[in-house]
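Observations on the model geometry
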Amino acid sequence: MAFSDARFVAADGELTVDVVIIGAGAAGITLADSLSGRGMKVIVVESGGFTESNAHQLLYRGASIGIPYPPLERSRLRYFGGTTNHWAGWCRPPRAEDFAARAWVPNSGWPITLDDLDNYLARAAGRCDLAGDSFQLDDWLTPQDHLPPFDQQVFDTRLIRFSLPTRFAQKYKQRLAGHEAVTVMLNANMIGLEMSDGGDHVGRVHLKTLEQKPFSVRAAKVVLATGGIENARLLLSSSARSRLGVGNEHDQVGRYFMDHFKYALGILTIEPDVPLDFYQSHHRKGSRLKGVLGLTPDVLRRFEILPAHTEFIPLPDQAEQRRYRVDVRIDPAPNVDSRIRLDAPVDRFGMPRVLVNLQHTEVAQRTFRLVNELLHDALNGMDIGRFDSATGFSGKASLESATVTATGFHHMGATRMSDDPANGVVDRDCRVHTVDNLYIAGCSVFPGYEGYPTLTLVALALRLADHLADQFDAGLS
């Protein structure tokens, strides 16, 4: 039986499998589907059912300090399919330079390169229902496209492609149901990891139903795939062996938490014949896409700023001119003080809720000011219209005073990937540095990210599936 319900498991019962995956969102579903037919018995445990419920959503409640942040129970979905149930479908893969450390951004860079993900990104595109895997601008432009003459030494136009958006629950439900060795157990809430005496091995995963019925799963390999905030929370709250939690010997769990925000830069007023159509959502070759205006790698190095891109959002027409709100989206810098901690309030299982503390960085402030000025000079210098800044220039613009137009809910960084255990939580294979059978899937392992994360987290889940299968084949389970 591929789908089961934890409410019908015997109280205090124990299940034994080769791999247990906690969470059935994009990462968990991809991982389970990819492990099917590879000789392993796999169980995916999902907190919710097939539809959203208030009781499950309330388990996500928490608090935030620092940068104002939306209620935590609104940014995530706790049922089969996870946050893909409200995903908008934005896709853009990383580029080679996005993996490299930037000397002016402390703690930046990945321990892997684009070459390590290239083949998986192509496969991830298919899983996200993208028609082909190309994101090269030239593959999508036509002779009828006339882009504004932005200085190509400063700006480059990049491509955003949109998934359907793919609802992973709908797309993969029947496939998972057909896998003999894969079981998806609904209504199963992880409440803790039982560790070995030395703290370097997960013995059991403890779970409960909402009705407080306990049971456990024993597995050779354990994968947390519960989202960027919850992955950190589960490690921190599994503190029976160590008050620091699991995998937190170097006080790294929960640190470097990141998200993407969009800020209003100002209003662009232009003549009707100015070509900004490519920067609007449109359909082409069976795909929906849009252009965004980024900064060249040379500009990032020269001014020591973060990657950012600008979007042009049309406002209602006025007279014979067109008006656009100009938004900027800035890649967050890794910040050791932006973190997830456990808070005093507890949920219905007695587990501490989280306290999210996001902080602005000086390099993000500098990026915001410079993008503002570069865009002002470019738009006004091309004589295509008038750009009116919302925040001012020459040091006056600040993130604190800027209007946030959108929050990505891209929960990245709180269990980041690193070669050095003192500077992260998981290694390049997504294994927790200090635990021999515990892995983490999802964008909480991202050390930083400029693109939209779903495509890359799916690619990483495919890569992790191959790693676990190789371990199993080698007899290392």
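A brief look at the structure comes next.

Conventions adopted
Residues numbered from 1 in each chain as written. Predicted model: local features only at pLDDT ≥ 70, side-chain atom pairs only at ≥ 80, totals over all residues. Heavy atoms only, no water. Helix = DSSP H or I, 4+ residues; strand = E, 2+ residues; numbered from the N terminus. Rg over C-alpha atoms; globule rule 2.2 N^0.38 Å. Buried < 20%, exposed > 50% of the residue type's maximum accessible area, 1.4 Å probe, protein only. Contact = heavy atoms within 4.5 Å. Areas by Shrake-Rupley, 256 points an atom, 1.4 Å probe, with all protein chains shown as cover. Lys, Arg positive; Asp, Glu negative; His and termini not counted. Charge placed at Lys NZ, Arg CZ, Asp CG, Glu CD. Pairing = 2+ DSSP bridges. Axes fitted to C-alpha atoms, helices over the stretch in contact; angles between N-to-C directions.

Quick word on the overall build of the protein chain
Looking only at helices and strands, the protein chain has eight helices and 20 strands in total. In summary, the protein chain has a C-alpha radius of gyration of 23 Å against a globular reference of 23 Å for 477 residues, a match within 12%. For the protein chain, with 477 residues in total, the buried portion stands at 60%. Long-range pairs, those at least 24 residues apart, make up 73% of the contacts in the protein chain with a sequence separation of at least 6. About 18700 Å² of surface is accessible on the protein chain, with carbon and sulfur atoms providing 49% of the total. The average position of the 50 basic charges and that of the 57 acidic charges among the side chains of the protein chain differ by 5 Å.

A few points about the environment of Lys221
With respect to the helices and strands, the residue Lys221 is situated in strand S10 (residues 214-224). A relative accessible area of 6% places Lys221 in the buried class. For the pair formed by Lys221 and Asp18, sequence separation is 203 residues and the distance between their alpha carbons is 6.3 Å.

As for the sheet that holds strand S17 (residues 352-358)
Spatially, S4-S17-S16 is the arrangement adopted by the three strands of the open sheet, whose pairing is mixed. Only two strands of the sheet have a single partner each, and these edge strands are strand S4 (62-66) and strand S16 (339-346). Within the sheet, the average angular offset between the axes of one strand and its neighbour, ignoring direction, is 30°. Sheet topology note: the S4/S17 ladder contains five bridges and is parallel. If you follow Ser64 over to S17, its bridge partner there is Val356. With respect to the sheet, helix H5 (residues 228-237) is in contact with S16 and S17, its orientation differing from that of S16 by roughly 65°.

So, the pairing of strand S8 (residues 189-195)
The buried fraction of S8 amounts to five of the seven residues, a majority that puts the element mostly inside the structure. Where S8 and strand S9 (residues 202-208) come together, six bridges link them in antiparallel fashion. Its bridge partner lying in S9, Met190 is registered against Leu207. Counting the residues between successive antiparallel strands, the hairpin from S8 to S9 contains six residues, one of them, Gly199, with a positive phi of roughly 75°.

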